[in-house]
Every structure is written in structure tokens, then in C-alpha cells.
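Chain by chain, the residues:
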Amino acid sequence: GPGWGTFARRRFMAPDRATSPQPPLRQTARSSILSAMETMSLAQSDYPHYGVRQRLALLALETIAGLSAVAGGIGLAGDWLGVGKSHLDGSPFNSYLIPGLILLIVVGGPLLAAAWLVATRAKYALELSLGAGFLLLGWFSVQIMMIGLFNWLQPIMAAVGVPIAVIARPSSRP
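Summarised in this report is the structure supplied together with it. It should be emphasised that the depicted structure is a prediction, and the values quoted were computed from it without experimental measurement. (Residues numbered from 1 in each chain as written. Predicted model: local features only at pLDDT ≥ 70, side-chain atom pairs only at ≥ 80, totals over all residues. Heavy atoms only, no water.)

## With respect to the overall build of the protein chain
(1) Moving on: Per the secondary structure count, the protein chain includes seven helices and zero strands.
(2) Moving on: Listing the helices and strands of the protein chain from first to last along the sequence gives α-α-α-α-α-α-α.
(3) Moving on: Per-residue burial over the protein chain gives 28% buried out of 174 residues.
(4) Moving on: Considering only residue pairs separated by 6 or more positions, the protein chain has 68% of its internal contacts joining residues 24 or more positions apart. (Helix = DSSP H or I, 4+ residues; strand = E, 2+ residues; numbered from the N terminus. Buried < 20%, exposed > 50% of the residue type's maximum accessible area, 1.4 Å probe, protein only. Contact = heavy atoms within 4.5 Å.)

So, in C-alpha cells, the structure goes:
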């Protein structure tokens, strides 16, 4: 007579599934996710200059600069860095709240988002990295023009934007 497997297929599966068992839902979901990730990931042939070293360099530079921008933004907005208000003379700001929020959100946010996209090899990682590198350069350029050079970290952090932009440059892309 029929065994337990035959009974189970007839009893618990739809008639069309009784003859061709389907993969478990978990396996189907996993293959769908992997397929989507492959579609979104960077193909090596699409970005010939973008190898493992460049990816790790972008990841390190963007993570360090992004975390520094977030910490600096929080420190400025909370007035915890001890930066004198005299640096704001000649600027449109009377406190460090708005510049701190801009640093946190407009500079730190894209840098950390770009680092995440680079880490996950997302399709638009290089485009966001390029934009984040230019944002970092722009932030420090405007800052130095408005309030001057008063800390040794300013030129160093501004210089971090250069290799980010160079590695993410579109000149080698098709």
C-alpha cells in the first residue's frame, strides 16, 4: 500500500503539487534575494579600475570621514567642542547649531551611506562616493573661506575628499 509520503502529498498538497514538490519557501525567498543582489551589485567588467583595494580604501576613507562628520556635527550642534563663537563672526550663523546639523546630515549622512553601498557592492556606490567626496571637499572649502583655518584637522579632513573622489571617478568607467 501507499506509504506516509504518498499519503501526505495527497492529503496536504494541492493536486498539481502532489507530483512535483516545490522548494521550501525559505529557499525560494533566499534565491530571490540573491538574484536581486546580483542584479544590483557592481560587475567587475563595468568598473575596471574598481578592485578590492579601491573598494577597501573607499570603505575605510568614507567610514572614517563619515563618523568624524557625525561626531563633529553632534559636537558642534550641542556646543560640546569648545569652539569659540568668535569664529562665527562674518558668517550668517550666530550659533553652531545649524552648521553642526549640516555637517551631521549633509556631509556625514552621504559619506556613511556611500560606505554602506560600497560595502554591499550596490549599483550606485561609486556615484554616491563621488558625490560624497565632493561634498566633503565643498564643506571644508566653504568652512575655511567663511571662518578661516583654525584647526589642523581642517586641511587633513578636506584632503580625505580627494582620494574618495579620485577612486570613484567616472573617467575609467564605460
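## Some details on the packing of helix α5 (residues 97-119) against helix α6 (residues 125-147)
(1) Moving on: Two elements in contact, α5 and α6, have axes separated by 8 Å at closest approach and are oriented at 150°. Here α5 is positioned roughly antiparallel relative to α6, judged by the angle of their axes. Every pair of crossing elements has a handedness; the one defined by α5 and α6 is left-handed. The segment α5 lies against α6, with Pro-99, Ile-102, Leu-103, Val-106, Val-107, Pro-110, Leu-111, Ala-113, Ala-114, Leu-117 and Val-118 engaging Ala-125, Leu-128, Ser-129, Ala-132, Leu-135, Leu-136 and Trp-139.
(2) Moving on: Counted by class, the contact of α5 with α6 contains 17 nonpolar, one polar and no charged residues. (Axes fitted to C-alpha atoms, helices over the stretch in contact; angles between N-to-C directions. Parallel < 35°, antiparallel > 145°, perpendicular 65-115°, else oblique. Left-handed = near helix turned anticlockwise from the far one by under 90°. Nonpolar A, V, L, I, M, F, W, Y, C, P; charged D, E, K, R; others polar.)

## Here we look at helix α4 (residues 52-77)
(1) Moving on: Over its 26 residues, α4 extends 37 Å from the first C-alpha to the last, a length consistent with the 38 Å expected when each residue adds 1.5 Å.
(2) Moving on: Those residues of α4 that sit buried are Leu-58, Glu-62, Ala-65, Gly-66, Ala-69, Gly-72, Gly-73, Gly-75 and Leu-76.
(3) Moving on: Buried residues belonging to α4 abut α5, α6 and α7 (153-167). (Expected span 1.5 Å × (residues − 1).)

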